[in-house]
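Residue strings, one per chain:
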Protein chains: 2
Amino acid sequence: MLRLSKRVEYGLIAVRHIAALHVGTVVTAKEISDRYHIPFDLLAKILQRLSKSGLVIAQHGVKGGYSLSKSPDQIPLSLIVNAIEGRQVVAVCISEKNEDCRISETCTIKSSLFKIQNNVDQIFSTMLLSEIV
Amino acid sequence: MLRLSKRVEYGLIAVRHIAALHVGTVVTAKEISDRYHIPFDLLAKILQRLSKSGLVIAQHGVKGGYSLSKSPDQIPLSLIVNAIEGRQVVAVCISEKNEDCRISETCTIKSSLFKIQNNVDQIFSTMLLSEIV
DNA sequence: GGAATCACGACTCTTTCGGTCGTATTTGAA
DNA sequence: TTCAAATACGACCGAAAGAGTCGTGATTCC
(Lines give C-alpha, C1' and ligand atoms only; values in the text may rest on other atoms or scores of the structure.)
Protein backbone atom coordinates (compact mmCIF):
# COMPACT_ATOMS: atom_id res chain seq x y z
CA MET A 1 0.00 0.00 0.00
CA LEU A 2 1.20 3.49 -0.86
CA ARG A 3 4.26 2.09 -2.58
CA LEU A 4 6.08 3.63 -5.46
CA SER A 5 6.54 1.20 -8.32
CA LYS A 6 9.97 -0.09 -9.24
CA ARG A 7 9.44 1.61 -12.55
CA VAL A 8 9.26 4.97 -10.83
CA GLU A 9 12.27 4.22 -8.64
CA TYR A 10 14.31 3.17 -11.65
CA GLY A 11 13.00 6.10 -13.63
CA LEU A 12 14.05 8.59 -10.98
CA ILE A 13 17.51 7.09 -10.80
CA ALA A 14 17.83 7.18 -14.57
CA VAL A 15 16.54 10.70 -15.03
CA ARG A 16 18.72 11.93 -12.23
CA HIS A 17 21.72 10.36 -13.95
CA ILE A 18 20.80 11.91 -17.29
CA ALA A 19 20.36 15.27 -15.60
CA ALA A 20 23.89 15.10 -14.27
CA LEU A 21 25.43 14.65 -17.73
CA HIS A 22 27.61 17.28 -19.28
CA VAL A 23 25.71 19.19 -21.90
CA GLY A 24 25.98 17.70 -25.35
CA THR A 25 26.62 14.20 -24.08
CA VAL A 26 24.18 11.30 -24.01
CA VAL A 27 23.99 8.08 -22.08
CA THR A 28 22.63 4.72 -23.22
CA ALA A 29 20.13 2.53 -21.47
CA LYS A 30 22.83 -0.13 -21.26
CA GLU A 31 25.20 2.18 -19.43
CA ILE A 32 22.58 3.16 -16.88
CA SER A 33 21.48 -0.44 -16.51
CA ASP A 34 25.04 -1.57 -15.78
CA ARG A 35 25.88 1.33 -13.54
CA TYR A 36 22.88 0.93 -11.24
CA HIS A 37 22.17 -2.78 -11.71
CA ILE A 38 18.75 -2.18 -13.15
CA PRO A 39 17.31 -4.89 -15.43
CA PHE A 40 18.02 -3.68 -18.94
CA ASP A 41 14.71 -4.53 -20.58
CA LEU A 42 12.74 -2.90 -17.83
CA LEU A 43 14.83 0.23 -17.84
CA ALA A 44 14.59 0.43 -21.61
CA LYS A 45 10.82 0.43 -21.43
CA ILE A 46 10.86 3.15 -18.79
CA LEU A 47 13.17 5.33 -20.85
CA GLN A 48 10.88 4.82 -23.81
CA ARG A 49 7.99 6.21 -21.84
CA LEU A 50 10.07 9.15 -20.70
CA SER A 51 11.10 9.72 -24.28
CA LYS A 52 7.56 9.46 -25.56
CA SER A 53 6.44 12.07 -23.05
CA GLY A 54 9.12 14.42 -24.31
CA LEU A 55 10.90 14.64 -21.00
CA VAL A 56 14.05 13.04 -22.33
CA ILE A 57 15.33 13.07 -25.88
CA ALA A 58 16.26 9.79 -27.49
CA GLN A 59 18.92 9.56 -30.14
CA HIS A 60 18.77 6.37 -32.18
CA GLY A 61 21.55 4.31 -33.65
CA VAL A 62 25.23 3.99 -32.95
CA LYS A 63 26.46 6.73 -30.63
CA GLY A 64 22.86 7.18 -29.61
CA GLY A 65 21.45 7.52 -26.13
CA TYR A 66 19.36 9.79 -23.98
CA SER A 67 19.60 13.38 -22.86
CA LEU A 68 17.35 15.75 -20.97
CA SER A 69 14.92 17.95 -22.85
CA LYS A 70 14.97 20.80 -20.39
CA SER A 71 16.62 22.16 -17.30
CA PRO A 72 16.30 20.05 -14.14
CA ASP A 73 14.87 23.02 -12.30
CA GLN A 74 11.99 22.99 -14.76
CA ILE A 75 11.13 19.37 -14.00
CA PRO A 76 8.99 18.56 -10.97
CA LEU A 77 9.02 14.91 -9.99
CA SER A 78 5.35 14.73 -10.89
CA LEU A 79 6.33 15.10 -14.52
CA ILE A 80 8.58 12.06 -14.29
CA VAL A 81 6.08 9.98 -12.35
CA ASN A 82 3.23 10.83 -14.71
CA ALA A 83 5.34 10.08 -17.75
CA ILE A 84 6.12 6.63 -16.40
CA GLU A 85 2.87 5.59 -14.74
CA GLY A 86 0.26 8.04 -15.89
CA ARG A 87 -1.90 9.79 -13.37
CA GLN A 88 -2.08 7.73 -10.21
CA VAL A 89 -4.79 8.06 -7.60
CA VAL A 90 -5.07 6.92 -4.01
CA ALA A 91 -8.55 5.47 -4.59
CA VAL A 92 -10.74 4.61 -7.55
CA CYS A 93 -13.35 7.21 -6.69
CA ILE A 94 -10.84 9.97 -7.39
CA SER A 95 -10.52 9.36 -11.10
CA GLU A 96 -13.37 7.31 -12.48
CA LYS A 97 -16.09 9.08 -14.38
CA ASN A 98 -18.57 6.29 -14.07
CA GLU A 99 -18.36 5.59 -10.40
CA ASP A 100 -17.29 1.99 -10.59
CA CYS A 101 -16.60 1.98 -6.91
CA ARG A 102 -19.18 -0.48 -5.67
CA ILE A 103 -19.93 1.48 -2.53
CA SER A 104 -19.86 4.92 -4.07
CA GLU A 105 -23.38 5.88 -3.07
CA THR A 106 -22.80 5.22 0.59
CA CYS A 107 -19.20 6.34 0.78
CA THR A 108 -18.68 8.95 3.46
CA ILE A 109 -15.00 9.63 2.99
CA LYS A 110 -14.82 10.96 -0.56
CA SER A 111 -13.80 14.43 0.51
CA SER A 112 -11.08 13.04 2.75
CA LEU A 113 -9.75 10.94 -0.09
CA PHE A 114 -9.66 14.00 -2.30
CA LYS A 115 -7.76 15.90 0.33
CA ILE A 116 -5.24 13.08 0.66
CA GLN A 117 -4.92 12.95 -3.11
CA ASN A 118 -4.26 16.68 -3.35
CA ASN A 119 -1.60 16.49 -0.70
CA VAL A 120 0.10 13.57 -2.40
CA ASP A 121 0.02 15.38 -5.72
CA GLN A 122 1.57 18.38 -4.09
CA ILE A 123 4.52 16.37 -2.82
CA PHE A 124 5.54 15.40 -6.31
CA SER A 125 4.77 18.69 -7.99
CA THR A 126 6.79 20.55 -5.37
CA MET A 127 9.97 18.50 -5.51
CA LEU A 128 12.18 19.39 -8.46
CA LEU A 129 14.64 17.21 -10.28
CA SER A 130 17.27 19.85 -9.63
CA GLU A 131 16.94 19.17 -5.90
CA ILE A 132 17.89 15.54 -6.20
CA VAL A 133 20.78 15.71 -8.65
CA MET B 1 0.91 2.53 -7.36
CA LEU B 2 0.39 4.87 -4.41
CA ARG B 3 -3.02 3.35 -3.75
CA LEU B 4 -4.68 3.06 -0.42
CA SER B 5 -5.83 -0.48 0.30
CA LYS B 6 -9.51 -1.33 0.44
CA ARG B 7 -8.88 -2.24 4.06
CA VAL B 8 -7.89 1.32 4.82
CA GLU B 9 -10.83 2.73 2.88
CA TYR B 10 -13.24 0.48 4.70
CA GLY B 11 -11.52 1.15 7.98
CA LEU B 12 -11.84 4.90 7.58
CA ILE B 13 -15.51 4.58 6.76
CA ALA B 14 -16.05 2.34 9.77
CA VAL B 15 -14.11 4.44 12.24
CA ARG B 16 -15.81 7.56 11.00
CA HIS B 17 -19.16 5.89 11.59
CA ILE B 18 -18.17 4.79 15.06
CA ALA B 19 -16.93 8.29 15.83
CA ALA B 20 -20.32 9.70 14.97
CA LEU B 21 -22.15 7.49 17.49
CA HIS B 22 -23.85 8.95 20.51
CA VAL B 23 -21.75 8.36 23.57
CA GLY B 24 -22.57 5.13 25.35
CA THR B 25 -23.83 3.41 22.22
CA VAL B 26 -22.05 0.79 20.16
CA VAL B 27 -22.39 -0.47 16.61
CA THR B 28 -21.83 -3.99 15.31
CA ALA B 29 -19.71 -5.04 12.37
CA LYS B 30 -22.88 -6.35 10.75
CA GLU B 31 -24.59 -2.98 10.97
CA ILE B 32 -21.66 -1.17 9.40
CA SER B 33 -21.31 -3.86 6.77
CA ASP B 34 -24.95 -3.52 5.76
CA ARG B 35 -25.04 0.22 5.90
CA TYR B 36 -22.03 0.77 3.64
CA HIS B 37 -22.13 -2.44 1.60
CA ILE B 38 -18.77 -3.59 2.83
CA PRO B 39 -18.08 -7.36 2.78
CA PHE B 40 -18.77 -8.51 6.30
CA ASP B 41 -15.84 -10.87 6.81
CA LEU B 42 -13.39 -8.32 5.54
CA LEU B 43 -14.79 -5.55 7.69
CA ALA B 44 -14.76 -7.82 10.72
CA LYS B 45 -11.08 -8.46 10.28
CA ILE B 46 -10.38 -4.75 9.94
CA LEU B 47 -12.31 -3.96 13.10
CA GLN B 48 -10.39 -6.65 14.90
CA ARG B 49 -7.15 -4.94 14.03
CA LEU B 50 -8.51 -1.60 15.15
CA SER B 51 -9.63 -3.22 18.36
CA LYS B 52 -6.31 -4.93 18.91
CA SER B 53 -4.53 -1.62 18.53
CA GLY B 54 -6.76 -0.09 21.17
CA LEU B 55 -8.21 2.51 18.89
CA VAL B 56 -11.69 1.10 19.16
CA ILE B 57 -13.16 -0.84 22.02
CA ALA B 58 -14.85 -4.14 21.32
CA GLN B 59 -17.69 -5.39 23.42
CA HIS B 60 -18.33 -9.11 23.06
CA GLY B 61 -21.57 -11.02 23.11
CA VAL B 62 -25.18 -10.10 22.59
CA LYS B 63 -25.63 -6.32 22.63
CA GLY B 64 -21.95 -6.11 21.83
CA GLY B 65 -20.29 -3.95 19.23
CA TYR B 66 -17.65 -1.30 18.80
CA SER B 67 -17.07 2.14 20.21
CA LEU B 68 -14.26 4.66 20.07
CA SER B 69 -11.56 4.65 22.73
CA LYS B 70 -10.86 8.35 22.62
CA SER B 71 -12.00 11.63 21.21
CA PRO B 72 -11.89 11.98 17.40
CA ASP B 73 -9.75 15.08 17.73
CA GLN B 74 -7.13 12.92 19.39
CA ILE B 75 -6.98 10.51 16.47
CA PRO B 76 -4.84 11.37 13.46
CA LEU B 77 -5.56 9.27 10.40
CA SER B 78 -2.07 7.81 10.71
CA LEU B 79 -3.22 6.01 13.82
CA ILE B 80 -6.01 4.33 11.90
CA VAL B 81 -3.87 3.48 8.91
CA ASN B 82 -1.09 2.05 11.03
CA ALA B 83 -3.51 -0.01 13.08
CA ILE B 84 -4.87 -1.59 9.92
CA GLU B 85 -1.81 -1.97 7.73
CA GLY B 86 1.16 -1.39 9.98
CA ARG B 87 3.80 1.09 8.97
CA GLN B 88 3.78 1.50 5.24
CA VAL B 89 6.69 2.85 3.24
CA VAL B 90 6.99 4.18 -0.28
CA ALA B 91 10.04 2.03 -0.98
CA VAL B 92 11.80 -0.93 0.60
CA CYS B 93 14.93 1.03 1.37
CA ILE B 94 13.00 3.17 3.84
CA SER B 95 12.29 0.47 6.36
CA GLU B 96 14.56 -2.53 5.94
CA LYS B 97 17.44 -2.90 8.33
CA ASN B 98 19.33 -5.32 6.14
CA GLU B 99 19.24 -3.51 2.89
CA ASP B 100 17.47 -6.12 0.86
CA CYS B 101 17.03 -3.69 -1.97
CA ARG B 102 19.13 -5.27 -4.66
CA ILE B 103 20.52 -1.99 -5.88
CA SER B 104 21.02 -0.37 -2.52
CA GLU B 105 24.74 0.27 -2.93
CA THR B 106 24.30 2.19 -6.13
CA CYS B 107 21.03 3.89 -5.34
CA THR B 108 21.24 7.63 -5.72
CA ILE B 109 17.75 8.59 -4.68
CA LYS B 110 17.57 7.40 -1.08
CA SER B 111 17.36 10.89 0.34
CA SER B 112 14.60 11.80 -2.07
CA LEU B 113 12.66 8.71 -1.12
CA PHE B 114 13.01 9.64 2.53
CA LYS B 115 11.74 13.10 1.82
CA ILE B 116 8.75 11.70 -0.03
CA GLN B 117 8.12 9.30 2.83
CA ASN B 118 8.22 12.08 5.41
CA ASN B 119 5.78 14.14 3.44
CA VAL B 120 3.41 11.23 3.04
CA ASP B 121 3.62 10.48 6.73
CA GLN B 122 2.82 14.06 7.48
CA ILE B 123 -0.37 13.96 5.44
CA PHE B 124 -1.81 11.24 7.62
CA SER B 125 -0.50 12.49 10.92
CA THR B 126 -1.90 15.94 10.22
CA MET B 127 -5.43 14.96 9.27
CA LEU B 128 -7.61 14.23 12.26
CA LEU B 129 -10.58 11.94 12.50
CA SER B 130 -12.57 14.86 13.85
CA GLU B 131 -12.13 16.62 10.53
CA ILE B 132 -13.82 13.91 8.54
CA VAL B 133 -16.77 13.06 10.75
C1' DG C 1 -28.12 -23.35 27.30
C1' DG C 2 -28.59 -20.83 23.17
C1' DA C 3 -28.12 -16.89 20.28
C1' DA C 4 -25.43 -12.96 19.03
C1' DT C 5 -21.30 -11.10 18.78
C1' DC C 6 -16.16 -10.57 18.44
C1' DA C 7 -11.40 -13.15 17.49
C1' DC C 8 -8.24 -15.52 14.63
C1' DG C 9 -6.05 -17.96 11.12
C1' DA C 10 -6.06 -20.49 6.85
C1' DC C 11 -7.39 -20.46 2.34
C1' DT C 12 -8.66 -19.05 -2.62
C1' DC C 13 -9.21 -15.98 -6.38
C1' DT C 14 -7.99 -11.87 -8.81
C1' DT C 15 -5.21 -8.13 -10.02
C1' DT C 16 -1.01 -5.80 -10.18
C1' DC C 17 3.78 -5.71 -10.72
C1' DG C 18 8.37 -6.92 -12.14
C1' DG C 19 10.74 -8.78 -15.48
C1' DT C 20 11.68 -11.16 -20.09
C1' DC C 21 11.52 -11.97 -25.04
C1' DG C 22 10.98 -11.26 -29.98
C1' DT C 23 10.98 -8.19 -33.49
C1' DA C 24 11.20 -3.85 -35.91
C1' DT C 25 13.37 0.62 -36.77
C1' DT C 26 16.93 4.14 -36.83
C1' DT C 27 21.63 5.68 -37.24
C1' DG C 28 26.70 6.01 -37.64
C1' DA C 29 30.75 4.11 -39.34
C1' DA C 30 33.80 0.67 -41.47
C1' DT D 1 26.28 -0.77 -48.68
C1' DT D 2 26.47 -3.51 -45.06
C1' DC D 3 26.70 -4.22 -40.22
C1' DA D 4 26.57 -3.23 -35.46
C1' DA D 5 24.67 -0.46 -31.89
C1' DA D 6 21.14 1.67 -30.29
C1' DT D 7 16.00 2.90 -29.39
C1' DA D 8 10.75 1.38 -29.97
C1' DC D 9 6.95 -1.55 -29.06
C1' DG D 10 4.00 -5.10 -27.79
C1' DA D 11 3.15 -9.68 -26.04
C1' DC D 12 3.98 -12.73 -22.57
C1' DC D 13 4.95 -15.04 -17.91
C1' DG D 14 5.67 -15.84 -13.06
C1' DA D 15 5.61 -13.89 -8.52
C1' DA D 16 3.65 -11.10 -5.16
C1' DA D 17 0.13 -8.44 -3.15
C1' DG D 18 -4.62 -7.56 -2.44
C1' DA D 19 -9.53 -8.65 -1.77
C1' DG D 20 -12.57 -11.60 -0.14
C1' DT D 21 -14.27 -16.19 2.02
C1' DC D 22 -14.61 -19.87 5.34
C1' DG D 23 -14.27 -22.55 9.57
C1' DT D 24 -13.73 -22.57 14.27
C1' DG D 25 -13.43 -20.82 18.79
C1' DA D 26 -14.34 -17.56 22.69
C1' DT D 27 -17.21 -14.22 25.14
C1' DT D 28 -21.41 -12.25 26.84
C1' DC D 29 -26.30 -11.47 27.51
C1' DC D 30 -30.86 -13.28 28.09
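Residues numbered from 1 in each chain as written. Chains lettered and ligands numbered in written order. Predicted model: local features only at pLDDT ≥ 70, side-chain atom pairs only at ≥ 80, totals over all residues. Heavy atoms only, no water.

Student: Give a detailed account of the interface of chain B and chain A, specifying residues and quantitative values.
Tutor: On the chain A side, the residues contacting the 42 residues of chain B number 42 residues. In total, about 4,100 Å² of surface goes out of reach between chain B and chain A, with carbon and sulfur atoms giving 67% of it. If you sort the residues of chain B by the area they bury against chain A, B:Met1, B:Leu2 and B:Arg3 come out on top, with a joint share of 19%. Taken together, the links from chain B to chain A amount to two salt bridges. Residue A:Lys115 pairs with B:Glu131 through a salt bridge whose shortest N-O separation is 3.0 Å. (Contact = heavy atoms within 4.5 Å. Buried area = accessible area lost by both parts, 1.4 Å probe. Salt bridge = Lys/Arg side-chain N within 4 Å of Asp/Glu carboxyl O.)

Student: Run through the protein's contact with DNA strand D, naming residues and quoting values.
Tutor: Contacts to DNA strand D come from 24 residues, most closely from A:Met1, A:Ala29, A:Tyr66, B:Lys6 and B:Leu42. Within 4 Å of the protein, the contacting atoms of DNA strand D are 70% sugar and phosphate, with bases supplying the remainder. In the model, a sugar or linking oxygen of DNA strand D is placed 3.4 Å from a nitrogen or oxygen of the B:His60 side chain. Of all the elements in the fold, those that place two or more residues in the surface near DNA strand D are helix H3 (40-52), strand E1 (56-59) and strand E2 (65-68) of chain A together with helix H1 (6-19) and helix H3 (40-52) of chain B. (Near = heavy atom within 4 Å. Polar contact = N/O pair within 3.5 Å; in protein donor to acceptor, adjacent residues only side chain to side chain. Helix = DSSP H or I, 4+ residues; strand = E, 2+ residues; numbered from the N terminus.)

Student: An account of empty space enclosed by the protein is needed here, citing residue identities and associated values.
Tutor: Gaps left between atoms are located by rolling a probe of water-molecule size over the structure's atoms. Scanning the entire structure with this criterion turns up one cavity of 30 Å³ or more. When contributions to the lining of the largest cavity are tallied by element, the ones reaching two or more residues are helix H6 (110-126) of chain A together with H1 of chain B. Residues that form the lining of the largest cavity fall into these classes: six nonpolar, no polar and two charged. (1 Å grid on protein atoms, 1.4 Å probe; cavity = no way out; pocket = protein on both sides within 12 Å on 5 of 7 lines; lining within 4 Å. Points joined across faces, edges and corners; volume = space filled by probe spheres on them. Nonpolar A, V, L, I, M, F, W, Y, C, P; charged D, E, K, R; others polar.)

Student: Tell me what's going on with the relation of the copies chain B and chain A, and back it up with residues and numbers.
Tutor: Mapping chain B onto chain A calls for a screw motion: a turn of 180° about the axis and a shift of 0.0 Å along it, with 0.0 Å RMSD after fitting. When the rotation and shift are considered jointly, the pair of chain copies conforms to a two-fold rotation axis. Relative to the rotation axis, the closest C-alpha in chain B is found at B:Leu2, a distance of 2.0 Å. Most of the interface of chain B is mirrored in chain A, where 100% of its interface residues are also at the interface. (Least-squares fit on C-alpha atoms with pLDDT ≥ 70 in both.)

Student: Tell me about the side chain of B:Arg16, and name the residues and values.
Tutor: On the secondary structure map, B:Arg16 appears in helix H1. Buried within the structure, B:Arg16 lacks any salt-bridge partner; B:Glu131 is the closest side chain of opposite charge, at an N-O distance of 12 Å. If sequence neighbours within four positions are ignored, B:Arg16 has contacts with A:Thr108, A:Ile109, B:Tyr36, B:Leu129, B:Ile132 and B:Val133. (Buried < 20%, exposed > 50% of the residue type's maximum accessible area, 1.4 Å probe, protein only. Lys, Arg positive; Asp, Glu negative; His and termini not counted.)

Student: Which residues make up the pattern of salt bridges, and what values do they have?
Tutor: A side chain with one charge may pair with a side chain of the opposite charge, provided their charged atoms come close. Residues and elements named next belong to chain B. In the structure shown here, the tally under the stated rule is eight salt bridges over all chains. Among the ionic pairs, aspartate 34 bridges to lysine 30, the shortest N-O distance being 2.8 Å. One end of the pair, aspartate 34, and the other, lysine 30, are both in helix H2 (residues 29-36), four residues apart, so they sit about a helical turn from each other. Given a relative accessible area of 45%, aspartate 34 falls into the partly exposed group.

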